[in-house]
Amino acid sequence: MKFSGSHILTVDQFTREDIDTVFAVADQMRPYAERRRITRVLEGAILGNMFFEPSTRTRVSFGCAFNLLGGEVRETTEVRASAIAKGESFYDTARVLSGYSDIIVMRHQIEGSVAEFADASRKPVINGGDGANEHPSQALLDLYTIRSEMESKGKPIDNLRIALIGDLRYGRAVHSLCKLLGLFDNLYMTLISPSELALPEEYTDALRAQGHTVRISDNLHNGIQGADILYCTRTQEERFPTPEEANRYRGLFRLNQAIYTEHCEPNTVIMHPLPRDSRTEASELDNDLNDNPNLAIFRQTDNGLLIRMALFALILDVVDRVHDSARDVGWYTGPPGQLL
Ligand code: CP
C-alpha cells in the first residue's frame with residue numbers, strides 16, 4: 001500500500017509486505033519510545049486526537065507517539081464536549097478539524113463512522129476503533145507482540161496455535177486481529193466463547209477459506225490446551241442492548257494461575273488488548289498472573305507506542321528523517337531496557 005497521506009481505516013488495507021514495513025519502522029522507533037533519544041521530526045505538526053468513546057491506552061499512546069516524534073496534540077475526549085452533541089455532522093466536523101490538524105485519530109461507537117469522517121477529511125485519518133467493527137492499530141501492535149514473543153521461543157507466526165477467549169462477537173480488536181492473522185499460513189485457531197458471543201461467521205469463514213483450522217469451543221479448560229497464545233478479551237458491555245444482558249456473560253471465562261498451570265504448556269503466552277475487567281464478578285485475567293513472565297499484556301501496551309509512532313512516520317512520510325538531528329535525552333530515564 002501507499003502509506004504517505006493515506007487513511008488507516010481497516011486492516012484489509014495491509015498485505016504481509018505492508019505489515020513487515022510497519023514492523024521495521026516500529027523497530028527503529030525503540031530508542032525514542034524508550035526515552036533514550038529525542039527526535040523533533042514532526043516539530044510544528046498537530047495531531048487531532050478525537051476520542052468520542054472512552055479510551056486510556058489508544059488515546060494516550062497515540063498522543064505520546066506524536067509527542068515523541070516532536071508534534072503537538074489537541075484532543076476531544078467525548079461526544080458531549082464536541083459540537084456533535086449539538087447535531088453537527090461527521091462531514092462538517094471532519095472539514096473543520098482537518099483544517100486544524102495534520103493528521104487525525106478518531107474513535108466513535110458507530111461502525112463505519114471513522115470511514116465516513118475520513119471521506120470528508122482533508123487530512124489522513126486513523127481509525128482508533130469504530131464500534132464493534134475494527135481497531136487496526138491494536139491488531140498491528142498485537143501481531144507485533146505475537147511476533148516478538150514467538151521469536152524469543154524460536155517460532156514464526158505461521159503454524160501457531162492461538163486461542164481467542166471471551167466476547168468474540170463485539171470485540172473489535174479480535175475482528176481486526178483475525179483479519180491480519182488470516183494473512184499468515186496454517187494457523188490452528190480455537191475460538192472460546194458462549195455461543196451468543198461467537199466470532200461472526202464472516203471472520204470464521206474467511207479464516208477457513210485461507211486454509212486455517214478453526215475450532216469452536218465453549219470450554220476454557222479444553223480450549224486452551226496446546227495453545228501457543230491465549231488472547232483473552234473483555235465482555236464489551238457498552239455494545240450490549242442492556243447492562244443486564246452483558247452481566248450474564250461476565251466472569252464465564254476466568255483465567256488464573258492455577259488454570260494456566262494445569263491446562264497450558266509452560267511457555268504459553270497470555271495476551272489481552274486491555275482493559276481487563278478486574279472487578280470481582282469478572283476477573284477474566286486474574287491478578288495472580290501478574291508475576292507470570294508469559295503475561296505479555298504490558299509488553300503489548302508498550303509496543304503500542306512503537307506501532308503508532310511507525311504509522312505516523314509512514315503516513316506523514318518522515319521515516320528517512322526521524323534520526324536527523326536526533327540527540328540523547330538529558331534526564332533520568334531509569335535502568336537501561338526498563339521500558340520496552
Ligand atoms: N485496547 C484499547 O483499545 O484500550 P483503550 O480502550 O483504553 O484505548
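Given the structure is predicted, the values throughout are model-derived calculations rather than measurements.

**Student:** Can you help me understand the environment of Glu237 in this one?
**Tutor:** Tracing the backbone through its elements, the reader meets Glu237 in the loop between β9 (229–232) and α10 (243–247). The partly exposed category is assigned to Glu237, whose relative accessible area is 29%. Note: C-alpha distance between Glu237 and Gln300 (63 residues apart in sequence) is 23 Å.

**Student:** Would you take a moment to explain the site of the ligand for this structure?
**Tutor:** Ser55, Thr56, Arg57, Thr58, Arg107, His135, Gln138, Pro273, Leu274 and Pro275 make up every residue found near the ligand. Residues that form the shell around the ligand fall into these classes: three nonpolar, five polar and two charged. Inspection of the shell around the ligand shows a minimum of three residues originating in each of domain 1 (11–135 + 301–328) and domain 2 (136–298).

**Student:** How should I be thinking about the packing of helix α1 (residues 16–28) against helix α12 (residues 297–315) in this particular structure?
**Tutor:** In a packed pair of helices, the relevant descriptors are the angle between the two axes and the axis-to-axis distance. Look at α1 against α12: their axes get within 8 Å of each other, and the N-to-C directions meet at 110 degrees. With respect to their mutual orientation, α1 and α12 come out roughly perpendicular. Touching Thr21, Val22, Phe23, Val25 and Ala26 of α1 are Leu306, Ile307, Ala310, Leu311, Ala313 and Leu314, all from α12. Its residues placed into classes, the contact of α1 with α12 shows 10 nonpolar, one polar and no charged.

**Student:** Honestly, the sheet that holds strand β3 (residues 72–76) in this entry has me stumped. Any pointers?
**Tutor:** By definition, the strands of a sheet pair up through backbone hydrogen bonds, in either a parallel or an antiparallel sense. Strand order in the open sheet formed by four strands is β3-β2-β4-β5, with parallel pairing between adjacent strands. Of all the strands in the sheet, the pair left with one neighbour each is β3 and β5 (125–130). Adjacent strand axes in the sheet meet at a mean angle of 15 degrees when their direction is disregarded. Looking at chain direction, strand β2 (residues 46–51) and strand β4 (residues 103–108) are connected through five bridges and run parallel. Looking at the pairing, Leu47 lines up with Ile103 of β4. The sheet strands contacting helix α5 (residues 113–120) are β4 and β5, and the helix crosses β5 at an angle near 160 degrees.

**Student:** Whenever I open this one, the state of the cysteines confuses me. Can you help?
**Tutor:** Here is the idea: a disulfide is a covalent bond, and it sits between the sulfur atoms of two cysteines. All told, the structure shown has zero disulfides when counted by the stated rule. Left without a disulfide partner, Cys178 is nearest to the cysteine sulfur of Cys232, which lies 14 Å away.

**Student:** Is there a simple way to explain unusual backbone geometry in this structure?
**Tutor:** Where the residue is not glycine, phi is negative for most of them; where a peptide bond is considered, it is trans in most cases. Looking along the chain, the bond that leaves Leu274 and enters Pro275 is cis, with omega of 0 degrees. Residue placement: Pro275 occurs in the loop between β10 (269–271) and α12. Residues other than glycine seldom take positive phi values, yet Asn159 does so here, at roughly 75 degrees. Tracing the chain through its elements places Asn159 in the loop between α6 (136–151) and β6 (161–165). Residue Leu274 is not a glycine yet carries a positive backbone phi of 65 degrees.

**Student:** Is there a simple way to think about the sheet that holds strand β8 (residues 213–217) in this case?
**Tutor:** Reading across the sheet, the five strands line up as β8-β7-β6-β9-β10 and stay open at both edges, with parallel pairing between neighbours. Lying at the two open borders of the sheet, with one neighbouring strand each, are β8 and β10. For this sheet the average axis-to-axis angle between neighbouring strands, irrespective of direction, equals 15 degrees. Two strands pair when backbone bridges link them, and strand β7 (residues 188–192) and β8 are joined in this way by five bridges, in the parallel orientation. Residue pairing in the sheet places Leu191 in a bridge with Ile216 of β8. In the packing of α6 onto the sheet, the strands contacted are β9 and β10, and the crossing angle to β10 comes to about 165 degrees. Those strands touched by helix α8 (residues 201–209) are β7 and β8, and its axis lies near 145 degrees from that of β8.

**Student:** Looking at this structure, I do not really get the side chain of Gln300. What am I missing?
**Tutor:** Tracing the backbone shows Gln300 in helix α12. Beyond its immediate chain neighbours, meaning those up to four positions away, Gln300 contacts Gln138, Leu141, Asp142, Thr145, Tyr231, Met271, His272 and Pro273.

**Student:** Teacher, can you tell me more about the packing of α6 against helix α7 (residues 172–181) here?
**Tutor:** Packing of α6 against α7 brings their axes to within 8 Å, and their N-to-C directions diverge by 55 degrees. Of the possible angle classes, the one that applies to α6 and α7 is oblique. As α6 runs across α7, the sense of the crossing is right-handed. Along the contact surface, α6 presents Pro136, Gln138, Ala139, Leu140, Asp142, Leu143 and Ile146, while α7 presents Ala173, Ser176, Leu177, Leu180 and Leu181. The class makeup of the residues in the contact of α6 with α7 is nine nonpolar, two polar and one charged.

Conventions and cut-offs
- Each chain has its residues counted from 1, running along the sequence as written.
- Per-residue local features are limited, in this predicted model, to residues with pLDDT of at least 70; the limit for side-chain atom pairs, both in listing and counting, is 80 or more; totals at the level of whole chains, interfaces and linings are taken over all residues.
- Neither water nor hydrogens contribute to the side-chain values; these are computed over all heavy atoms in the structure.
- Helical segments are the DSSP runs of H or I of at least four residues, strand segments are the runs of E of at least two, and each set is numbered from the N terminus.
- Categorising residues by exposure relies on relative accessible area from a 1.4 Å probe, with only protein chains included: less than 20% of the type maximum marks a residue as buried, more than 50% marks it as exposed, and the intermediate range marks it as partly exposed.
- Put simply, a residue is near a molecule or strand once any heavy atom of it comes within 4 Å of that molecule or strand.
- Under the scheme applied here, ten amino acids are nonpolar (Ala, Val, Leu, Ile, Met, Phe, Trp, Tyr, Cys and Pro), four are charged (Asp, Glu, Lys and Arg), and all others, including Gly, are polar.
- For the purposes of this description, domain bounds are those given by an automatic or database domain assignment.
- Between N-to-C directions, angles span 0 to 180 degrees; the directions come from axes that are lines fitted to C-alpha atoms, helices contributing only their stretch in contact.
- Under this scheme an angle from 65 to 115 degrees is roughly perpendicular, one under 35 degrees roughly parallel, and one over 145 degrees roughly antiparallel; angles in between are oblique.
- Any two residues whose heavy atoms approach within 4.5 Å are treated as being in contact.
- Pairing between strands is defined by DSSP: at least two bridges between the two strands are required.
- Cysteine sulfur atoms that come within 2.5 Å of each other are treated as a disulfide pair.
- A clockwise turn of the near helix away from the far one marks a right-handed crossing, whereas an anticlockwise turn of less than a right angle marks a left-handed crossing.

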